Amino acid sequence: MPHDVSLIATIAVGFGLAMVFGLIATRLNMPPLVGYLLAGIVIGPGTPGFVADVGLAGQLAEIGVMLLMFGVGLHFSLNDLMAVKKIAVPGAIVQIGVATALGMAAAWLWGWDWGAAMVFGLCLSVASTVVLLRALEAKGLLKSINGQIAVGWLVVEDLVMVMVLVLLPALAHVLGGASASATAATTELADGLAGDIWSTVGITLAKVSAFIVLMLVVGRRVLPKILWWVARSGSQELFTLSVVAVALGVAFGAANLFDVSFALGAFFDGMMMRESEYSHRAADESLPLRDAFAVLFFVSVGMLFDPSVLWTQPLKLLLVVGIVMIGKTIAAVALVLAFRYPLNTALTVGASLAQIGEFSFILADLGSRLG
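In this text, all values refer to a predicted model and were calculated from it rather than measured experimentally. (Residues numbered from 1 in each chain as written. Predicted model: local features only at pLDDT ≥ 70, side-chain atom pairs only at ≥ 80, totals over all residues. Heavy atoms only, no water.)

## Re the overall build of the chain
Then step 1. A count of helical and extended segments in the chain gives 17 helices and 0 strands.
Then step 2. When each of the 371 residues of the chain is scored for burial, the buried share is 47%.
Then step 3. Intrachain contacts of the chain at a sequence separation of at least 6 include 76% that bridge at least 24 residues.
Then step 4. When the accessible surface of the chain is totalled, it reaches about 17400 Å², and 69% of it is carbon and sulfur. (Helix = DSSP H or I, 4+ residues; strand = E, 2+ residues; numbered from the N terminus. Buried < 20%, exposed > 50% of the residue type's maximum accessible area, 1.4 Å probe, protein only. Contact = heavy atoms within 4.5 Å. Areas by Shrake-Rupley, 256 points an atom, 1.4 Å probe, with all protein chains shown as cover.)

If you want it as structure tokens, here you go:
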């Protein structure tokens, strides 16, 4: 063709194969997302044949994450988040510590230095909010107390990971990687303060706090009014456009101005938009786009998988899978039971954490650049 159609090819082939493999998965009584992951493996660089643009797929997946988290925020109020803070905050922090320690121990067995081992452990410690939400929605548990605890837990994990992403460049020289002054020149995360850890921590906390305050004070008043103004026009397509524009715009602005992840920005945006009387309509209007781009998210994750690891590093793979699916689950179940919650809640939270998330790939990429 006379012009580049990599975007069209990535979307067309990704959606097409996701539909085929998703249908096969449902026929085998498995979740359709298993088919989406397989579709990503097929078009990824680890398998022969057509290879989709990994960079484009990742950006499309980010849109799916933003829209999905925005939709969750529309159904998850600030009161819901505060109601589970007594278990979500300490539980998430302790669980991250346990999972990180297990990952570090495994990496030490393989002869890694302790800095790389710590980054690896952190990659295993965080779970995907997107995967959890899809599972809770499928089971109708999103609005239950168990679902609220699990979502709140992962929101706290996301906040912790935002801090970790900013601190890693500043700690690179301590962890045995490149010098702090060198990493500051290659990553914007340090923002010229890589040599001063406490200043970096303070600036990060200030930025995140400023974003939350801005959303609570300004966003809570302005965003619902935007929906009200657009709804008065009587145009359905303009209303849908405004919902998508606000969801993506706030997430993008939060990431660029406050160093908050796209997902967290969209989540808080949705929570503020929930104050509008048109919040249910906004959720309905954005649902088709959320579902479509969420599929691309799982396809893009599948593209990152290299099947050759199954026969080249089987024991290491089994150990990592054991840490993620068994170690993290046991730690979470024990923590929830320690807070005197019922076994049903403990098992729900434990199962919710038996996976890794988007931050795992971001941390791995940042760690490789700092090393």
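## What to know about helix α13 (residues 279-303)
Then step 1. For α13, with 25 residues, the first-to-last C-alpha span of 35 Å sits near the 36 Å given by 1.5 Å per residue.
Then step 2. Along α13, the sharpest change in direction is near 45 degrees and occurs at L287; proline P288 comes one to four residues later. (Expected span 1.5 Å × (residues − 1). Bend = angle between axes of the 7 residues up to and from the residue.)

## Focus on the packing of helix α7 (residues 129-139) against α13
The axes of two packed helices give the description: the angle between them and the distance between them.
Then step 1. Closest axis-to-axis distance for the α7/α13 pair is 11 Å, and the angle between their directions is 125 degrees. One element, α7, and the other, α13, form an angle in the oblique class. Relative to α13, α7 is oriented so that their crossing is left-handed. Within the contact between the two elements, α7 uses V130, V131 and R134 and α13 uses D291, A294, F297 and F298. (Axes fitted to C-alpha atoms, helices over the stretch in contact; angles between N-to-C directions. Parallel < 35°, antiparallel > 145°, perpendicular 65-115°, else oblique. Left-handed = near helix turned anticlockwise from the far one by under 90°.)

## Things to note about the packing of aromatic side chains
Within a pair of aromatic rings, the relevant descriptors are the distance that separates the centres and the angle that separates the planes.
Then step 1. Counted by the stated rule, this structure contains 8 aromatic pairs.
Then step 2. Ring plane angle 65 degrees and centroid distance 5.6 Å describe the contact between W110 and F120, whose orientation is recorded as edge-to-face. One end of the pair, W110, is in the loop between α5 (85-109) and α6 (114-125); the other, F120, is in helix α6, and 10 residues separate them in sequence.
Then step 3. Ring geometry for F211 against F268: centres 5.9 Å apart, planes inclined by 85 degrees, an arrangement best described as edge-to-face. Of this pair, F211 sits in helix α10 (residues 197-231) while F268 sits in helix α12 (residues 262-273); the two residues are 57 residues apart in sequence, bridging distant segments of the chain.
Then step 4. Given the relative accessible area of 3%, F211 is considered buried.
Then step 5. Judged by its relative accessible area of 6%, F268 falls in the buried class. (Phe/Tyr/Trp six-rings, centres within 6.5 Å; stacked < 30°, edge-to-face > 60°.)

## Brief notes about the side chain of T47
Then step 1. Tracing the backbone through its elements, the reader meets T47 in the loop between α2 (32-43) and α3 (54-75).
Then step 2. A polar atom in the side chain of T47 sits 2.7 Å from the backbone oxygen of I41.
Then step 3. If we ignore the near neighbours within four places in the chain, the residues touching T47 are I41, V42 and P307. (Polar contact = N/O pair within 3.5 Å; in protein donor to acceptor, adjacent residues only side chain to side chain.)

## What to know about a nonpolar patch on the surface
Then step 1. Together, M19, V20, I24, L28 and M30 make up a nonpolar patch on the protein surface, roughly 470 Å² of accessible area in all.
Then step 2. Within the secondary structure, L28 is located in the loop between α1 (6-27) and α2.
Then step 3. Given a relative accessible area of 54%, L28 falls into the exposed group. (Patch = residues over 30% accessible without salt bridge, like charges linked within 9 Å, V, L, I, M, F, W, Y side chains within 5 Å. Salt bridge = Lys/Arg side-chain N within 4 Å of Asp/Glu carboxyl O.)

## Digging into the packing of helix α15 (residues 314-338) against helix α16 (residues 343-352)
Then step 1. Interaxial distance between α15 and α16 falls to 8 Å at its minimum, and their mutual angle equals 150 degrees. The hand of the α15/α16 crossing is right-handed. Residues T329, A332, V333, V336 and L337 of α15 touch α16, and the partners they reach there are L343, T345, A346, L347, V349, G350 and A351.

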